Amino acid sequence: GATIISLSNVIESAIPRESDLTIYTRAGPEIGVAATKTFTTQVLSLAAITVNLAFLNGSIDRMERKELLDQLSYAPKIAEKSIMVTEGIIREFSRELSNKNNAYYLGRGIGVPVAMEGALKLKEIAYIHAEAYPAGESKHGPIALVEQGFPVLFIIMDDNNYTHILGNIEEMSARDALTIGIVPEGDKEASEKLTMVIKVPRSPWITSPITYTPPLQLLAYYVCIERGYDPD
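Residues numbered from 1 in each chain as written. Predicted model: local features only at pLDDT ≥ 70, side-chain atom pairs only at ≥ 80, totals over all residues. Heavy atoms only, no water.

The secondary structure content of the protein chain amounts to eight helices and seven strands. Taken against the 2.2 N^0.38 rule, which gives 17 Å for 232 residues, the C-alpha radius of gyration of the protein chain at 18 Å falls within 12% of a compact globule. Seen through its principal axes, the protein chain has C-alpha atoms that stretch 50 × 40 × 35 Å. The burial tally for the protein chain puts 44% of its 232 residues in the buried class. Across the protein chain, contacts joining residues at least 24 apart in sequence account for 64% of those joining residues at least 6 apart. Of the roughly 12,200 Å² of accessible surface on the protein chain, a fraction of 54% belongs to carbon and sulfur atoms. Of the charged side chains in the protein chain, 21 are positive and 29 negative, and the gap between their average positions amounts to 2 Å. (Helix = DSSP H or I, 4+ residues; strand = E, 2+ residues; numbered from the N terminus. Rg over C-alpha atoms; globule rule 2.2 N^0.38 Å. Buried < 20%, exposed > 50% of the residue type's maximum accessible area, 1.4 Å probe, protein only. Contact = heavy atoms within 4.5 Å. Areas by Shrake-Rupley, 256 points an atom, 1.4 Å probe, with all protein chains shown as cover. Lys, Arg positive; Asp, Glu negative; His and termini not counted. Charge placed at Lys NZ, Arg CZ, Asp CG, Glu CD.)

So, in structure tokens, the structure goes:
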């Protein structure tokens, strides 16, 4: 008897037909196995739903709602700029990662689901075993497998988790891991602790997944190409 609301990219597919209400993302067909644009459009849609719910239940006022929705409206430009500024360095790093067999993706807060998307894409198209964890849990088991050259990719955002994730970088560096960080433009402290740095444009927190996700998808794509696989 529950009310079912679905978020779908495919009109009149099985899930929308069983739902009371459907929100269509209309991102166009996904040709390959790895869903990339559908992921980012779903994140965007969920963020818009959240903003409107927050307004309706009184958590934010009309002005805050307008400001947040305005920020979300810049998502296409944010994604485009993120790809443009990171693609070159990602192609370079992909050569280093292409001969690895395992990788960890670590994040905190909103960076955790972003890390999960990055690890999923590396598994799906580059066929490298990759797992994502909340960075605070990485020392409770996962760190035992980290040895010299083991790739650990950090999602580092300029938020209240920043100081804590610096400690996680140090933990992995102490085990001689290959530490790769996606950091906001202008970052210094985290960048100095990392082996490799990918800098993304700064953006409001609500659009940060749109900034950080495309570089992770690109990394999986180029590692796949380096390993001689078909990304589709």
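From this point on, the discussion continues.
Once that is clear, we can look at helix α5 (residues 111-126). Taking 1.5 Å per residue, 16 residues should reach 22 Å; α5 reaches 22 Å between its end C-alpha atoms and fits that length. Along α5, the positions that sit buried rather than exposed are Gly111, Val112, Val114, Ala115, Glu117, Gly118, Ala119, Lys121, Leu122, Ile125 and Ala126. Buried residues belonging to α5 abut α2 (37-56), β3 (102-107), β4 (129-134), β5 (151-155) and α8 (208-226). Looking one or two places after α5, you find tyrosine 127, whose phi comes out positive at around 55°. (Expected span 1.5 Å × (residues − 1).)

Moving on: the environment of arginine 202. Considering the arrangement of structural elements, one finds arginine 202 in the loop between β7 (196-200) and α8. Using a relative accessible area of 46% as the deciding quantity, one classes arginine 202 as partly exposed. Considered as a pair, arginine 202 and serine 82 are 120 residues apart in the sequence and their alpha carbons are 9.4 Å apart. Leave out the neighbours within four places in its chain, and arginine 202 touches Asp158, Pro184, Glu185, Gly186 and Asp187. A polar atom in the side chain of arginine 202 sits 2.7 Å from the side chain of aspartate 158. Here the side chain of arginine 202 touches glutamate 185 through a polar contact of 2.7 Å, landing on its backbone oxygen. (Polar contact = N/O pair within 3.5 Å; in protein donor to acceptor, adjacent residues only side chain to side chain.)

Now for the sheet that holds β5. On the basis of which strands lie adjacent, the open sheet formed by five strands has the order β4-β3-β5-β6-β7 and parallel pairing. Edge positions in the sheet fall to β4 and β7, since each of these pairs with one other strand and no more. For this sheet the average axis-to-axis angle between neighbouring strands, irrespective of direction, equals 20°. Where β3 and β5 come together, three bridges link them in parallel fashion. Bridge assignment links tyrosine 105 to a residue of β5, and that residue is leucine 153. (Pairing = 2+ DSSP bridges. Axes fitted to C-alpha atoms, helices over the stretch in contact; angles between N-to-C directions.)

With that out of the way, let us pick up unusual backbone geometry. A positive phi angle, near 60°, is found at glutamate 12, a position not held by glycine. Tracing the sequence through the fold places glutamate 12 in the loop between β1 (5-8) and α1 (14-17). At arginine 26, a position not held by glycine, the phi torsion is positive, near 55°.

Put simply, α5 and α8 touch, their axes get as near as 9 Å, and they point 20° apart. In terms of axis orientation, α5 runs roughly parallel to α8. Note that α5 runs across α8; the crossing there is right-handed. The segment α5 lies against α8, with Val114, Glu117, Gly118, Lys121, Leu122, Ile125 and Ala126 engaging Pro209, Tyr212, Thr213, Leu216, Gln217, Ala220, Tyr221, Val223 and Cys224. (Parallel < 35°, antiparallel > 145°, perpendicular 65-115°, else oblique. Left-handed = near helix turned anticlockwise from the far one by under 90°.)

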